Amino acid sequence: MTSIPPAQADDEIDLVELFAAIWARKGKVMAIASASFLAAIVYATQIATPVFEASARFELNEAEPATLGDLGGLASLAGINVGRGGTSEADKLEDRILSRPFLDKIAAPAGLYQDPVFNPTLAPPGLRAQAKDLLGLDPGPPPGPARITAAVAARFADALTIELKDNGVITLTVVHPDPDRAAEIANLVVRQVLEDLFRMRREEAREKLDYFAQELYEVRVALDGSAQALKDYSLANNLRSTEELAQSSAQLVSLRKTREDIAQTGAALTALAGMAESGATFDNAARDAFMKLHPIAASLEFRRRLGWPNDEAGWRLPAQPEIAALRRDLAARDQVIERSISRLEQDARDNAEAATELEELRRELKVNEAIYEAMIKQFETESFSSGFAVESGEMIETAIPPIEPAAPRTALIAALGLVLGTVGGTGAALLLSVRQGTLHSARAVADATGMPDVVHLDAGFRRLRGPGPDAWLDRVRGCPRHGLADMAARHAPAAGQHLALIPAGIHPLAKNAALGLADILHTEAGGVCLVDLSAERVLGSPPGDRQSHGPGWTVCSLGDGPDLAWPDPPARPGETDGLRKRLHTLASHYGRLVLFCPPPSEGTAITESLLAECAGFVVLAQTGQTTRNDAATVATLRARHPEIPGGLVLA
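Note that the structure is predicted; figures quoted are calculated from it, not measured. Here the residue numbering is sequential within each chain, running from 1 through the sequence in written order. Side-chain atom pairs in this predicted model are given and counted only at pLDDT of 80 or more, local residue features only at pLDDT of at least 70, and totals for whole chains, interfaces and linings cover all residues. By convention in this description, side-chain values take in all heavy atoms of the structure and omit both hydrogens and water.

Draft legend 1. The sheet that holds strand 1 (residues 52–60), seen in detail. If you trace the four strands from one edge of the open sheet to the other, you get 2-3-1-4, paired in antiparallel fashion. With partners counted over all chains shown, the strands left at the sheet margins are strand 2 (160–164) and strand 4 (393–397), one partner each. On average, each strand axis in the sheet is tilted by 25° relative to the strand beside it, whichever way the strands run. Strand direction decides the pairing type here: strand 2 and strand 3 (residues 169–176), joined by five bridges, are antiparallel. Its bridge partner being in strand 3, Leu-164 is matched across the sheet by Ile-170. Strands pair, by our definition, only if DSSP identifies at least two bridges between them. Labels follow the DSSP assignment, with helices taken as runs of H or I lasting at least four residues and strands as runs of E lasting at least two, numbered in each case from the N terminus. To define axes, lines are fitted to C-alpha atoms, for helices over the stretch in contact only, and angles between the resulting N-to-C directions are given on a 0 to 180 degree scale.

Draft legend 2. Summary view of the pattern of salt bridges. Salt bridges are defined by distance alone: a side-chain nitrogen of Lys or Arg within 4 Å of a carboxyl oxygen of Asp or Glu. Here the structure, examined in full by the defined rule, presents 11 salt bridges. A salt bridge links Glu-338 to Arg-259; the shortest N-O distance between them is 2.9 Å. Taken together, the residues span a long stretch of sequence, with Glu-338 in helix 13 (residues 320–386) and Arg-259 in helix 10 (residues 241–278) at a distance of 79 residues. A cluster of three or more residues bridged by salt bridges with shared partners is formed by Asp-115, Arg-181 and Glu-184.

Draft legend 3. Highlighting helix 19 (residues 576–587). A helix is expected to reach a length of 1.5 Å times the quantity of its residues less one. End to end, helix 19 covers 16 Å across 12 residues, agreeing with the expected 16 Å (1.5 Å per residue, within 8%). Whether a residue is buried, partly exposed or exposed follows from its accessible area with a 1.4 Å probe, protein chains only, as a fraction of its type maximum: under 20%, in between, or over 50%, in that order. For helix 19, the full list of buried residues reads Thr-576, Leu-579, Arg-582, Leu-583 and Leu-586. Down the axis of helix 19, the smallest arc covering the buried residues is 115°, so these residues share one side. Relevant arc is that of directions from the helix axis to the C-beta atoms, nothing else.

Draft legend 4. Molecular detail of helix 6 (residues 100–110). Buried residues of helix 6: Phe-102, Leu-103, Ile-106, Ala-107 and Ala-110, and no others. Down the axis of helix 6, the buried side of the element spans an arc of 130°, and every buried residue falls inside it. Set apart from the buried face of helix 6 by more than 90 degrees, the exposed residues are Pro-101 and Ala-108. Gly-111 sits one or two positions beyond helix 6 and adopts a positive phi of about 65°.

Draft legend 5. Inspection of the environment of Pro-569 at higher detail. Looking at the secondary structure, you find Pro-569 in the loop between strand 10 (563–567) and helix 19. Taking the relative accessible area as the measure of exposure, Pro-569 reaches 52% and is therefore exposed. Separated by 18 residues in the primary sequence, Pro-569 and Pro-551 place their C-alpha atoms 9.9 Å from one another.

Draft legend 6. Representation of the packing of aromatic side chains. When two rings of Phe, Tyr or Trp (its six-membered ring) have centres within 6.5 Å they constitute a pair, described as stacked for plane angles under 30 degrees, edge-to-face for angles over 60, and tilted for the intermediate range. Considering all chains together, one arrives at one aromatic pair under this definition. Geometrically, the ring pair formed by Phe-118 and Phe-156 is tilted, given 6.4 Å between the ring centres and 50° between the ring planes. Highlighted residues: Phe-118 in the loop between helix 6 and helix 7 (127–135) and Phe-156 in helix 8 (residues 145–159), separated in sequence by 38 residues. Across the pair, Phe-156 and Phe-118 agree in class, each one buried.

Draft legend 7. Here's a closer look at a negative patch on the surface. Patches in this entry comprise residues that are over 30% relatively accessible and not in a salt bridge; like charges within 9 Å are linked, as are nonpolar side chains (Val, Leu, Ile, Met, Phe, Trp, Tyr) within 5 Å. Under the convention used here, a 1.4 Å probe and the Shrake-Rupley method define accessible areas, while residue burial counts only the protein chains that appear. Charge counting follows a simple rule: Lys and Arg are positive, Asp and Glu are negative, and His as well as the terminal groups are ignored. One atom stands in for each charge, and that atom is NZ of Lys, CZ of Arg, CG of Asp or CD of Glu. A cluster of like negative charges, contributed by Glu-203, Glu-204, Glu-207 and Asp-210, occupies part of the molecular surface. Tracing the sequence through the fold places Glu-207 in helix 9 (residues 179–237). Residue Glu-207 is classed as exposed on the basis of its relative accessible area, which comes to 55%.

Shown next as structure tokens:
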């Protein structure tokens, strides 16, 4: 088994002991809870001022943004606002109502400055002002207009609640001690909100129309300018820039092909001139090789120039002068074609620039036409929607004076009072338990005393009462005493020895267990005397006719039970030697003595002096009666006499 260090054990909370302490003072807890419950009911029904809630429901007609379809993106690129949406008026409603301008509008018709609920200067003086007046102190300067306005605004904000539902319905609630005033203020606020919103939207519509009219005029001017520029350019260029560019491009392609053919023809003539100069024959093999190197020779134009027939067999190698004449003719033609190509390329460049500018003008015209169309559409939409006096919202349900107050809620306040009272009573019970140091659980008592041998008795031992020791003894005998019998068997003193009973506090169990243990020991061996050494005579005093007086003792017989004795005169803490002598005298008449020691509250001097002469001791403790100090005293005595066996009787 793992041992718990002392520091850790002290930090632990024994829940059983905690609840036992609360249960032991359940009467106090119930009394405090009942008093708190009654006080809460009195406050809710007699002291607290009833407050009423009046609610009005309404909704706002949100303006639909204009949509331009496919033209919306183009219009946005042009800087035109097409109504993409934003924060709704319902979301901004609470800030608008609680603003100072709105308060200035609503204060006069709602009579806020004449209402003591909102204007604190009209309310009766509070406890602080009354105390100052009673003590003759200066109450200070009266609040100025700015402070009064701030106070009215703050109380107005506290009295008003706005709830926006998912379906767009807005509930405005006003709290006021007067139900009629609550309904009146709620309706005035809603009407003012709808009126302000209507005016604001009408002004916004007018501003939009003015803005669109100006923008429409500017777009129209730009459109007219684009159309006029296109017209002027078209007239200046005869609207043929694109067609002329295409014609020039086709002619250039044809001339470049002709130039390439002339170059190939010149190469073929150069090859023929080389063959003629070398004196080569122009046979079939030479013709085939010539055709493979110069495919242009197969063209009709080449054969026409050389006078060659269709049949290749009739082709002849021309003479040098003839070839030179042909080459001069080709060079002249090539120069003409080069000049034509240069002229056409310049024309193509000019036509390309003109065509590009024309296309830019046409695109600009189309863009301005699209923007103008978008502006016209939005202008028509705004003009149409602004041409009607559409309501900004509508009242769904007006506020009516409530019949039952919303606060104070008597049931809730009473329940809260009961809960707080229970908590307070529980705290008070725990505080008392800590201050008194009472131990309420058997485990706590056993741990505090440090006794390993523990016997638990039936709870009936705590309730036994009787008119005298003998009658009390009869009732003790009627209770189950198995635990006492076991304890007596383990700690029974031998003949001529003593057994010390140490009560951990003054409680009923001390007397009951002492009588029970003495009676069990007397029944087993006889000759037992129970000696009451307490100053308070805890074990009681029998009638005088049943008492016998000896040297230093008064003895009373309990019939067939043990005798009961107490010192006469009573023992004093400073006379322990004399007490021991008297005990020796008393012990000579009995076989064994059971010494009922004084409780710790009477001191431990007598108990300390007698423990050395005892064969054992038994601690008598009762939960709910034994305190931590009593248990600590017992633990100290046990620590000083570890050689003496001891046990704990607990109930």
